[in-house]
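Notes for the structure review
What follows is each chain in one-letter form.
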Amino acid sequence: MSRPRRSRPVVGLLALLLVGASLVACSSESDDNPLGIPTYDPEAAASAEAAESAAATEASASAAASAEAAGVVTAESLSTDRYEVTSIPEDLDEQQTEVLKAFVNYDQVTWNIWFTGTGVENAEPLMTTEEFQVLKEGYEQLGDERTDGVVRVSVNQVFALDARKAQVLICGDHSDLVAYDADGNDVSDPETLQGRYEVLITMIYDDGVWKESDETTLSTNECVA
C-alpha cells in the first residue's frame, strides 16, 4: 500500500559536559594508585554516557524550541515523532518559507490519515478540490489497513515561480514504513511503500492559503533523505 498522490553556546555546553563526563568516568584513588594513573570505572562510564546522551537530546530540543520561538524555521522545528524532516534549504526568503511550512503541514496531515485511519477531512483545506477528491477516494479504499513507522523527508529545493505558484522538491524515505491489515498482518508492498521517492510538489496560493495542487514522482530509490 502507498499513500495516494500521493548553535555555539550549545556546542560549548556539550564540550564542557564531555570533559566532565570523562573526568567522572576515569577515577583515581591516591591510596591505591600512588602513581596517579586513572583507573577505568565501568559504572561511572555508563553513568557519564547516559548523562551525555540526555544532555545532547535536551540541548537539541532547546535549540529547536528557541529557533521556532524566534521565528526561524529549522528541520527540527518542522519534525514530529512520525514525520522527520532531515534537511531544508538555507537562505529561504519569506515566500519560500511560507511555502515550505504549508507543504510540511499538508504532508504531515495527509500522512497522519494513513497512520491513524482517520482525519481525512483535515486535508481538505490544504489541497485543491481535485487533489482532495483523489485523496478521499484512496482513503475510502483503505478499509482497515494502517501504516506504521517513520517518514523521513529531505526538502531539497523550494521554487517560488510567482506570487501564486511554487514548487517543492523532496526526497521521501519510506523504508521504515510497514502496512498492516485489520488482523495485524504485514501487507507491505516494497515496490509501492518502502522505497525512496524524489517528488516534485506544486503548491498554489488560493484564498490566502498555500495548497497542494499536484505531485510528480521523478525517481525511485535514487535520492537520499
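Residues numbered from 1 in each chain as written. Predicted model: local features only at pLDDT ≥ 70, side-chain atom pairs only at ≥ 80, totals over all residues. Heavy atoms only, no water.

On to the pattern of salt bridges, then. When their charged atoms lie close together, side chains carrying opposite charge are able to pair. Scanning all chains against the criterion turns up three salt bridges. Here K101 makes a salt bridge to E98, at a shortest N to O gap of 3.2 Å. Residue K101 and its partner E98 are located together in helix α4 (residues 94-116), separated by three residues, close to a single helical turn. Among the residues examined, E98 registers a relative accessible area of 37% and is labelled partly exposed. For K211, the salt bridge is made with D206, and the minimal N-O distance between the two is 3.2 Å. Residue classification places K211 among the buried residues on the basis of a relative accessible area of 13%. (Salt bridge = Lys/Arg side-chain N within 4 Å of Asp/Glu carboxyl O. Helix = DSSP H or I, 4+ residues; strand = E, 2+ residues; numbered from the N terminus. Buried < 20%, exposed > 50% of the residue type's maximum accessible area, 1.4 Å probe, protein only.)

Strand order across the open sheet formed by five strands is β3-β5-β6-β8-β9, with mixed pairing between neighbours. Edge strands, defined here as strands with exactly one partner in the open sheet, are β3 (83-87) and β9 (209-220). With strand direction ignored, the average angle separating the axes of adjacent strands in the sheet is 30°. Sitting on the sheet, α4 is in contact with β3, β5 (151-162), β6 (165-173), β8 (196-206) and β9, with an inclination near 140° to β5. (Pairing = 2+ DSSP bridges. Axes fitted to C-alpha atoms, helices over the stretch in contact; angles between N-to-C directions. Contact = heavy atoms within 4.5 Å.)

At their nearest, the axes of α4 and helix α5 (residues 129-142) sit 11 Å apart, and the two run at 15° to each other. Put simply, α4 runs roughly parallel to α5. Where α4 crosses over α5, the two elements pack in a sense that is right-handed. Taken together, the residues of α5 that come into contact with α4 (itself represented by T110, I113 and W114) are L135, G138, Y139 and L142. When the residues that make up the contact of α4 with α5 are grouped by side-chain class, the tally is five nonpolar, two polar and no charged. (Parallel < 35°, antiparallel > 145°, perpendicular 65-115°, else oblique. Left-handed = near helix turned anticlockwise from the far one by under 90°. Nonpolar A, V, L, I, M, F, W, Y, C, P; charged D, E, K, R; others polar.)

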